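# A structural walkthrough
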Amino acid sequence: MQRLLDWHQRLGRLGLRLLYLQLLWLGWTLRGAVLLGVFPATAAVHAVLREHEREGGVDDELPSWRTVRASFGAHRRRELWPANRLGLVLVLTWSVLLFSRSVVERIDLGAAGPLLAGAHTVLGIVLGLATILVWPLQAHFDEGATALLRRALVLVIGRPATALLTGAGAGLVLCAYYLLPGLVPVFGIVAPAAIATACLWRTQVLAAAPTAPATARASLEPVGTR
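Everything in this summary refers to the structure shown in the same document. Computed from a predicted model, the values in this text were never measured in an experiment.

Quick notes on the rules
Residues numbered from 1 in each chain as written. Predicted model: local features only at pLDDT ≥ 70, side-chain atom pairs only at ≥ 80, totals over all residues. Heavy atoms only, no water. Helix = DSSP H or I, 4+ residues; strand = E, 2+ residues; numbered from the N terminus. Buried < 20%, exposed > 50% of the residue type's maximum accessible area, 1.4 Å probe, protein only. Contact = heavy atoms within 4.5 Å. Areas by Shrake-Rupley, 256 points an atom, 1.4 Å probe, with all protein chains shown as cover. Salt bridge = Lys/Arg side-chain N within 4 Å of Asp/Glu carboxyl O. Patch = residues over 30% accessible without salt bridge, like charges linked within 9 Å, V, L, I, M, F, W, Y side chains within 5 Å.

In terms of helices and strands, the protein carries nine helices and zero strands. In the protein, which comprises 226 residues, the share counted as buried stands at 42%. Partitioning the intrachain contacts of the protein with sequence separation of at least 6 by distance along the chain shows that 77% fall at a separation of at least 24. Here the protein displays about 12400 Å² of accessible surface, and carbon together with sulfur accounts for 69% of that area.

Shown next as structure tokens:
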């Protein structure tokens, strides 16, 4: 009985932490007029979640609004331009994929049409998984936008089980949002972000990363090329 009570209390503290992050994400996204605010706020969410995983991923005490806000703000200031560059690369990549898909759908290519449509579907799935994975990687590695996207694509291809597990977790959250729309303003982007970060950390993708050639971030202090 005590174990069940402890589990519920930890779940409640985790939910409170995620609520804090969602409120901060909304506030800073609006403060940056959405276009300039959404990507740094998203990067800050993943950076705070990464810190939480590094500390064990368990809330034994009630999270402090002031502490979460300070950590979020520091990461958001640091990631202002790197996150916007990564967001721009993602937007451009998705734009090219969607434009080419629309061209294939509108032009009669004969027998090649279904093959190209299928190829676009596969590419869309791969890019979707990479988009989910690239933000936890961005919080961990000191690399440029194209290098991070390339690393995410390599992860999708090289470790498909991890990528699919992460994508499935995010998909379950989206299904929960569809069934219970009231969860969207409460947990919004942070619940999928938390699942993605936890999956990558606990499958050793991030935990083992400091031994990789790229420089991993251990704190808020500038390291590597940033």
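The rest of the description comes next.
Let's shift gears to the pattern of salt bridges. Scanning all chains against the criterion turns up four salt bridges. A salt bridge links Glu105 to Arg101; the shortest N-O distance between them is 3.1 Å. Highlighted residues: Glu105 and Arg101, both in helix α4 (residues 80-106), separated by four residues, approximately one helical turn. Take Glu105: its relative accessible area is 57%, and that puts it in the exposed class. The partly exposed category is assigned to Arg101, whose relative accessible area is 25%.

Nonpolar side chains collect at one region of the surface, where Phe99, Val103, Ile107, Leu109 and Leu116 lie side by side and expose about 420 Å² of accessible area between them. Turning to its location among the elements, Val103 is positioned in helix α4.

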